[in-house]
Number of protein chains: 2
Amino acid sequence: MTTRGKQTVRDLRRGSRSTLLRRLYFEGPLSRQELGTATGLSAGSISNVTGELLADGLIEECGSVDSDGGRPRILLRVVPDRAHLVGVDIGETQVRVGLFDLARTELAASDHPLDETGHDVGHVVDLITTGLTEVLARTGITAEEVLGVGVGVPGIVEQGAGPDAGDTAVVHGQTFDWNAVPLGRLLRARTPLPLFVDNGAKTLGQAEMWFGAGQGARNAVVALFGSGVGACVIADGARFRGATSSAGEWGHTKVHVGGRRCRCGSRGCLEAYVGAEALVERWADAPPGASEKAGLAALLAAAEAGRPGAVALLDEAAELLGAAIADLINLFNPERIVIGGWAGLMLGPRLLPAVRDAATAYALAFPRAQTTITLSRLGPDAVTLGAATLPLTHFLESGGELPRHATRAAG
Amino acid sequence: MTTRGKQTVRDLRRGSRSTLLRRLYFEGPLSRQELGTATGLSAGSISNVTGELLADGLIEECGSVDSDGGRPRILLRVVPDRAHLVGVDIGETQVRVGLFDLARTELAASDHPLDETGHDVGHVVDLITTGLTEVLARTGITAEEVLGVGVGVPGIVEQGAGPDAGDTAVVHGQTFDWNAVPLGRLLRARTPLPLFVDNGAKTLGQAEMWFGAGQGARNAVVALFGSGVGACVIADGARFRGATSSAGEWGHTKVHVGGRRCRCGSRGCLEAYVGAEALVERWADAPPGASEKAGLAALLAAAEAGRPGAVALLDEAAELLGAAIADLINLFNPERIVIGGWAGLMLGPRLLPAVRDAATAYALAFPRAQTTITLSRLGPDAVTLGAATLPLTHFLESGGELPRHATRAAG
DNA sequence: GTGCTTACTTCACGGCGAGATTTAACGTCT
DNA sequence: AGACGTTAAATCTCGCCGTGAAGTAAGCAC
C-alpha cells in the first residue's frame, strides 16, 4: 500500500513547478494556455508559477503564435544554458566524461582509456576528476553552473537515502572486482558538485526512455545486449529498483537450468548463451586473438555468408533471446521492449524477426499482444548522456531547484 | 519519470486523512501524540484531522494510557463495524463469498460448488449474486454498510480507468476459457455496490503482504504454487501491475527453453515441471483416478517413505523452483519471497531447504543476500480475504471515503 | 491545595489553487 | 481610423490547508 508521506501546502507549489517544468522540457515551447489545458491547472496558477520560473531564469519567452482574432499566445521554453549536466560513463575499456547543457547538447567530452591494470578504484576516481576538470576548463563553465554529476558504473549500485543519496552510493561490481566500493564517498572528496551514481545499463535505459526508442511508454524494458546481458525496467514511468537497487539483472535468468556454466558462477544463464563473449567463445571458427567486437562482427559476416555453424549459433541465440524476452513480457507486462547495447545494435537487424517470433511462441498471448519489440535508436555513447539524466531527473522533479552552490541571479 | 498529477489544497487533507487512517488501521490503537511523531504532522493538524474522522464515525476513542505526571494519552482506533467488506473468490471448483468487518473478522461466508459445466459466466455471476444476498441476509447487514465487493478471478484482469474502474474490468482466463469477459459490467447490473476485480493470485498476495508472511516488506514476491504457478509482485509497497495488469505471470517463465510442453501452448515453462497438475501427471506411480490434491499427497507420502521415483521428482521440483525463484530475485530484487498456494503449503516443509539452496546456487550473491524465502502463513481461504482487501485499499487510500450510497450519519 | 508535566485544542498566519474579473494584445468590420 | 469582438494573460478574492505559538485540560507529586 502506497505511503505518501506528509505534505505541506508548499509541496503543492513544488509539484506544480515540477509539472510545468517537465512539460516545457519534454514538449518543447508551449504557451501558458496550452500548459493549462495539458496539466489541468487553472490559468491563475499557471501565471503564478510561470512567473516564478521566469524570475528564477529557468524558463524564457520565445516568440509567439499568431492567432485569428485574439491576443497571441506567448511561447515559453526552458533556457538551455541556464544550467549544465555532467555524465560519466565508467566503461570496461575507458572512462568518459561528458558535459551537456539542459537541451542535452554535448558541449565537451573527455575520454581516458582504462588499461588492464587500470580498474583500481583510486585510478578511476582520478580519471573522473581529471575529465571533469578538463570539460569544465575547455568550455569555460564554472562548477556553479553545473546541476550535478551522474555516474554510470558497471555493477550493482546500492543507493543511500535522503537528499545526498549519491554521496553514500556503494558499488558492487563483478567485472572490475569491485566489492562494496564507496564510490560516492570517494568522489565527494574530489568535487563539491551533487553526485548521482547508478548502474550504466540503467542510465542507458533512462536515456533510451527519454530520448530514444522508449519515448512515450510508461512501462518498458530496455534490454542491454553487449559482452554481457542486462536490462533496465521502467514501471509506470520510473526506474524499477527493487529493495537494494539491483533489480533487472536479466543476464542471469535461467534458460536451461543446470546448463552451460556462466561467469557469475551459476549455470544455464542467458548470458552464458547469448552474451557477445559467450557467442564468440562458442563459435568454432572464431578468428583467434581478435577482440570481442571483431569476433562478433566476423560471426555475423559468416552467418550472412551462409556458413552453417555461424547460422546455427545465431539462430539459437535469437530463439533464446526471444524466450528470455518472453519471460520479461510475462513478468513485467511492458508496452515496449527495446534492444540496445553494442552487440544488440550489431546483430539486431539480423536477429530481430526471429527474436520477435520466438517471443510470440514463448510468451502468453495476451501480454505479448500489448508489447512491441524494437531496436535501440541511440549509440553506445548514450551511457554518458543517460548518466547526465540522473541530475536532470532530480532537477525536474524538484521543480527546478538549483544546488546550493549555484545561486546565480537570473540571467 | 514520475508524473504526479495536479493537486489542489484539498488533496492535502485527503492525504493526511489517509495517512492517519492507515496508521491507525495497521498499528492498532494510537494516541494523537504518537500519530504526530509517527507521521510528522503537527499537533494542530492531527487534532483537526482526527476530529473530522471522529465526526465521520470512522474512528473512536478507546481508553487511555496512564502517564507519569502528565495528562494521559487518549487512544484512537478504527471502528471495526463502521463499514464492511465483501470478498469473492472465483476458484476452480467453487465460488466463495465472504463478508468481513473492517477488522477482517469474517462475519459470514457462502460457498457454492462449481461443477464441470459451471464455468459459464452467467452462472458464476448468478452464484456471486446469490452468495452476496445470502451473507447480507444472514448477518442483517445492509448494502449501505458495505464499502465494496472485491472479486478474485483466475486469469488476467484488464482494469478500467477512473473512479469506477471495477465496472469496466475485463477478464481473460485460460482456465475457464473466458475470453474478454466483461465481468465488471455483468456484476454492475446485479448490485449497486462498488466493484473491484483482480486476479485471485494477486489478491492472495495482497492478503499475505498485509496480514501474513509479507508483513513489513516493501518489496516482495508472493509465489503461488498450486495446480498452476503464479506470482504477485509487490514493488515499493504497491502491487506491480505492468501496462495491462498482467504482470507477474511467473508460471510460464522458461526453465528449459524448448522443453516440456505446457498447457499454455508453449514449451519449457516452470508450470509444466512443478505445477501440481504436472507433478502428478509425471509421477509414474500416481494412483489412477485420484484428485489432484490426493495425487500430490500420495506423491509426498511416497517421497517421505523414500520411494526413489517420488524422491527424484520432488528433488527436481525443488531445484527448478529454486532456480525460478533465483530469476525472481535477480529481476525484482525483493526483500522477501513468500511461497503460498495449496501445493506450496503441502510440499513447503519438505521442499523449502532444497529450494533455498537452489536459489542461492542460481541467483546472484548480492541480491540473494537481501532476500529471505519463507512459507505462507495464510490458508487457501485467504483468497477471499485478499479480495476483500481491494475495497479496503480504496477506503484507506481515499482517506476513509464512504461510497455514495453509504452516507449514514456517524454512530 | 500548589505546582509541574504532558496531551490536546484553539487560533492567527502565510501560502496554495480555483474561479471570477480585469487588463492586454491582437484581428476585423465599418 | 476607430469601435468591436476575441483570446491570452494577469490580478484579485475566496475558501482551505498545515504550521507553530498560545491556551486549556488532565493527570501526578509534594
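Residues numbered from 1 in each chain as written. Chains lettered and ligands numbered in written order. Predicted model: local features only at pLDDT ≥ 70, side-chain atom pairs only at ≥ 80, totals over all residues. Heavy atoms only, no water.

(A) Structural view of unusual backbone geometry. All names here are of chain B. Despite not being glycine, Ser 245 shows a phi value in the positive range, around 65°. Tracing the sequence through the fold places Ser 245 in the loop between β14 (238-239) and α7 (271-274). Judged by its relative accessible area of 7%, Ser 245 is buried. With a phi close to 50°, Asn 333 is a non-glycine residue in the positive phi region. With respect to the element layout, Asn 333 can be found in the loop between α10 (308-332) and β15 (336-340). Under the relative-accessibility criterion, Asn 333 is labelled buried at 0%. (Helix = DSSP H or I, 4+ residues; strand = E, 2+ residues; numbered from the N terminus. Buried < 20%, exposed > 50% of the residue type's maximum accessible area, 1.4 Å probe, protein only.)

(B) Focus on the protein's contact with DNA strand D. Ser 47, Gly 69 and Arg 73 of chain A together with Arg 13 and Gly 69 of chain B are the nearest of the 26 residues found near DNA strand D. Each atom of DNA strand D within 4 Å of the protein was classed as base or backbone; sugar and phosphate made up 67%. In this structure, Leu 12 of chain B approaches DNA strand D through a main-chain N or O atom, which is 3.4 Å from a phosphate oxygen. Take Gly 69 of chain B: an N or O atom from its main chain is 2.2 Å from a base nitrogen of DNA strand D. (Near = heavy atom within 4 Å. Polar contact = N/O pair within 3.5 Å; in protein donor to acceptor, adjacent residues only side chain to side chain.)

(C) Broad picture of the interface of chain B and chain A. Every contact between the two is made by 65 residues of chain B and, on the other side, 65 residues of chain A. When chain B packs against chain A, close to 5,500 Å² is buried across both sides, 60% of that on carbon and sulfur atoms. Inspection of the region where chain B meets chain A yields zero salt bridges. The tally of links from chain B across to chain A stands at 26 residue pairs in polar contact (both at pLDDT 80 or more). For the side of chain B that touches chain A, the secondary structure elements donating two or more residues are α1 (9-26), β8 (156-158), α10, α11 (342-362), α12 (365-369) and α13 (382-397) of chain B. The element contributing the most residues to the side of chain B that touches chain A is α10 of chain B, with eight residues. Across the side of chain B that touches chain A, the residue classes tally to 28 nonpolar, 24 polar and 13 charged. (Contact = heavy atoms within 4.5 Å. Buried area = accessible area lost by both parts, 1.4 Å probe. Salt bridge = Lys/Arg side-chain N within 4 Å of Asp/Glu carboxyl O. Nonpolar A, V, L, I, M, F, W, Y, C, P; charged D, E, K, R; others polar.)

(D) Spatial organisation of the domain arrangement of chain A. Residue and element names in this part refer to chain A. Its domain assignment divides chain A into domain 1 (9-78), domain 2 (84-203 + 382-397) and domain 3 (214-375). Measuring from the centre of the C-alpha atoms in domain 1 to the corresponding centre in domain 2 gives 32 Å. With seven residues of domain 1 in contact, the opposing surface of domain 2 contributes seven residues. Between domain 1 and domain 2, roughly 630 Å² of surface is buried when both sides are summed, and carbon and sulfur atoms account for 67% of that area. Inspection of the domain 1/domain 2 interface yields three residue pairs in polar contact (both at pLDDT 80 or more). Of the residues forming the side of domain 1 that touches domain 2, the biggest block, five residues, is contributed by helix α1 (residues 9-26). Taken together, the residues of the side of domain 1 that touches domain 2 break down into five nonpolar, one polar and one charged. (Domains from an automatic or database assignment.)

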